[in-house]
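Chain by chain, the residues:
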Amino acid sequence: MSRTIFSDDFLVQPLWWDDVPRGETTASDLPDSVDVLIVGSGFAGLNAGLVTARAGMKTLVLDRGAIGEGASTRLVGYIGRFLHYSIARLIEMFGEEQAVAMYREGGEAHFHFLDFVKSEGFDVGMLYRGRFSAAHTPQAYEALEENARNVSRYIPFRYEMCPRSRQREHIGTDIYHGGLILHEHGTVQPAKYHQCLVDAVRSAGAQVVGGNAVRHIRGRRGAFEVTTARGVIKTREVIACTNGYSNQERHALPYLRKRVIPVPGYQIATEPLAPELMKTVKPSGKAVYDSKINLNWDRPTPDDRAIVFGGRSGTLEGRPHDKAKQLYDIMTTTYPDLRGVRIRRYWQGFMGFGFDKLTHVGCNEHGIHYATSFSASGLPLGTYFGQKVGRRVADIGGGDTSFWNLRFPANPLFNGRPWFVPLLAAFYDFQDRFIGQGNKKTG
Ligand SMILES: Cc1cc2nc3c(=O)[nH]c(=O)nc-3n(C[C@H](O)[C@H](O)[C@H](O)COP(=O)(O)OP(=O)(O)OC[C@H]3O[C@@H](n4cnc5c(N)ncnc54)[C@H](O)[C@@H]3O)c2cc1C
């Protein structure tokens, strides 16, 4: 049994970059001054820039890497409807009124995304077939049902419980204990969406420039001086959208570096599968999330020919081939029919989490605006909150949100290096194994 699990064209690179190659670092001239400078060219930064440029502000979006090299072209591509929180926990934290408003906005972000891509005429490779949240224990099945019931008391949404006896209608495995089906859920090809945004932002008159790190920001709102790798730029406004990459330049954004925890996620893509095999593994073509805290997920590619499988375990450290093999083992344990299928791509990216696991959008004491900490929901949330912060900065109305300037906790033991993430991941693995309640969330 020495057949390799890697295909001949195996690459350590996001599958999504096959259709939309990356690497653009634009050598264009930089302006001496702008109205708004946006740090980070992912979904949040581009959506903020789209709003400010369309509002007539001279807008510059900068990225230290190639344009879109962060998580926005590396993610799974889920467009979920909810926050990564149980509603009961959110009510404990904020009281019922605020918690419901926040949960409702999680849903609004989803529908906003659908309306936005439609109205812009973006081709984002969308499949809209719902999601199967697979319960990894019987207790997790109950927790999923309880949270869905709680949420539906406050917010209308379409869900159904699928008992274990019927789960083969949706997923080709018996290892789960049934699951929750969320009908309002889809997937996109994230790099396509990203490219549509870059084109739209440029058409609106903004500059989007890669390969130019922001190193230092001096001054206050109205009169910032931003030191970049290629010179100093004056700007009235700064919007920071660096999310899981906020620790990459030590002195650029200390406020975010101390508050946003980079959490790695890993993915593999299979080679094209025979249509019958695809049907066995994904009979209803739904995206899947399991209920573990250190969760695994999988989705069909937009052409329905292959599977992207991923996991968030920070304990998966190691060389790319070793990590790809670990994911492969989890995938083939989950879906035994995939044994013998080979892997074509492996890649990794960083999500950004706040210590409170909430999204943060606001303006700090130095007058720097930010939209960040989207956990694993930055596609709809980065779009929605990126536009919200853009609206605030452009002062055109429509920037109100129940998330504005929530207390944004820091931790004295954290300065950007996520040394505790592997320890937490090990703890979560333990909880997943021996307590089994899962993440108790609906989204
Ligand atoms: C494996 C994985 C799977 C995920 N799956 C999903 C999913 O299915 N659905 C979903 O909604 N979300 C998902 N997410 C989360 C989602 O990808 C992110 O929340 C979202 O892409 C964040 O967008 P952003 O614009 O805030 O940041 P990013 O896209 O990460 O962009 C930040 C950018 O800032 C740049 N930067 C940092 N510092 C500087 C500096 N000093 N100067 C200049 N540039 C700088 C970086 O180079 C980077 O390009 C996933 C994330 C990962 C890692």
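Structure first, text after, so check above.
Right, let's walk through the structure included here. Since we're looking at a predicted model, the values are computed, not measured.

Considerations on the packing of aromatic side chains
Thinking step 1. Under the definition given, this model contains 19 aromatic pairs.
Thinking step 2. When the centroid spacing of 6.0 Å and the interplanar angle of 85° are considered together, the rings of Tyr-255 and Phe-408 count as edge-to-face. A residue pair is termed long-range when its members are at least 10 positions apart, and Tyr-255 in helix 6 (residues 254–257) and Phe-408 in the loop between helix 9 (378–394) and helix 10 (421–434) qualify at 153 residues.
Thinking step 3. The class for Tyr-255 is partly exposed, based on a relative accessible area of 22%.
Thinking step 4. Assessed through its relative accessible area of 6%, Phe-408 is described here as buried.
Thinking step 5. Arranged with centres 5.6 Å apart and planes meeting at 45°, the rings of Tyr-370 and Phe-408 form a pair that is tilted.

Regarding the pairing of strand 14 (residues 287–290)
Thinking step 1. What you see with strand 14 is no split at all: Ala-287 and Tyr-289 on one side and Val-288 and Asp-290 on the other are buried throughout.
Thinking step 2. Sheet analysis places strand 5 (residues 131–134) next to strand 14, joined by four bridges and oriented parallel. Residue Ala-134 lies in a different strand from strand 14, and its bridge partner there is Asp-290.
Thinking step 3. Where strand 14 lies against strand 15 (residues 296–300), two bridges are found, and the strand directions are antiparallel. For Tyr-289, the partnering residue across the bridge sits in strand 15 and is Trp-297.
Thinking step 4. Linking strand 14 back to strand 15 in an antiparallel pair, the connection comprises five residues.

A closer look at the site of the ligand
Thinking step 1. Taken together, 35 residues form the shell around the ligand, and within it Asp-63, Ser-72, Tyr-78, Ser-377 and Leu-379 come nearest.
Thinking step 2. One of the backbone nitrogen or oxygen atoms of Val-214 is found 2.9 Å away from a nitrogen atom of the ligand.
Thinking step 3. The contact in question runs from an oxygen atom of the ligand to an N or O atom on the backbone of Leu-379, over 2.7 Å.
Thinking step 4. Breaking the shell around the ligand down by element, the ones donating at least two residues are helix 1 (43–54), strand 13 (261–270), strand 17 (343–353) and helix 9.
Thinking step 5. Looking at the shell around the ligand residue by residue, the classes come out as 19 nonpolar, 13 polar and three charged.

Quick look at the environment of Glu-169
Thinking step 1. In this fold, Glu-169 is placed in the loop between strand 6 (159–162) and strand 7 (179–182).
Thinking step 2. When its relative accessible area of 41% is taken as the criterion, Glu-169 is described as partly exposed.
Thinking step 3. For the pair Glu-169 and Gly-285, spaced 116 residues apart in sequence, the C-alpha to C-alpha distance is 9.9 Å.
Thinking step 4. Dropping the residues within four chain positions of it, Glu-169 is found in contact with Pro-283 and Ser-284.

Comments concerning the nonpolar core
Thinking step 1. Core analysis: the largest hydrophobic core is formed by 66 residues, its most contacted members being Phe-122 and Tyr-193.
Thinking step 2. Among the elements that make up this core, the one with the highest residue count is helix 3 (residues 96–120) (nine residues).
Thinking step 3. If near-sequence neighbours (up to four positions away) are discounted, Tyr-193 is found in contact with Phe-43, Asn-47, Phe-113, Phe-116, Val-117, Phe-122, Val-124, Leu-379 and Thr-383.
Thinking step 4. Judged by nonpolar contacts, the second largest core, of 27 residues, contains Cys-162, Ile-307, Tyr-328 and Ile-343.

Things to note about the environment of Leu-60
Thinking step 1. Within the secondary structure, Leu-60 is located in strand 3 (residues 59–62).
Thinking step 2. Leu-60 gets classed as buried once you look at its relative accessible area, which sits at 0%.
Thinking step 3. Spatially, the C-alpha atoms of Leu-60 and Tyr-85 are 34 Å apart, while their sequence positions differ by 25 residues.
Thinking step 4. Apart from residues lying up to four places away in sequence, Leu-60 is in contact with Leu-30, Pro-31, Val-34, Val-36, Leu-37, Ile-38, Gln-207, Val-209 and Ile-233.

The rules behind each value
- Residues numbered from 1 in each chain as written.
- Predicted model: local features only at pLDDT ≥ 70, side-chain atom pairs only at ≥ 80, totals over all residues.
- Heavy atoms only, no water.
- Phe/Tyr/Trp six-rings, centres within 6.5 Å; stacked < 30°, edge-to-face > 60°.
- Helix = DSSP H or I, 4+ residues; strand = E, 2+ residues; numbered from the N terminus.
- Buried < 20%, exposed > 50% of the residue type's maximum accessible area, 1.4 Å probe, protein only.
- Pairing = 2+ DSSP bridges.
- Near = heavy atom within 4 Å.
- Polar contact = N/O pair within 3.5 Å; in protein donor to acceptor, adjacent residues only side chain to side chain.
- Nonpolar A, V, L, I, M, F, W, Y, C, P; charged D, E, K, R; others polar.
- Contact = heavy atoms within 4.5 Å.
- Core = buried A, V, L, I, M, F, W, Y, C linked by side-chain atoms within 4.5 Å.

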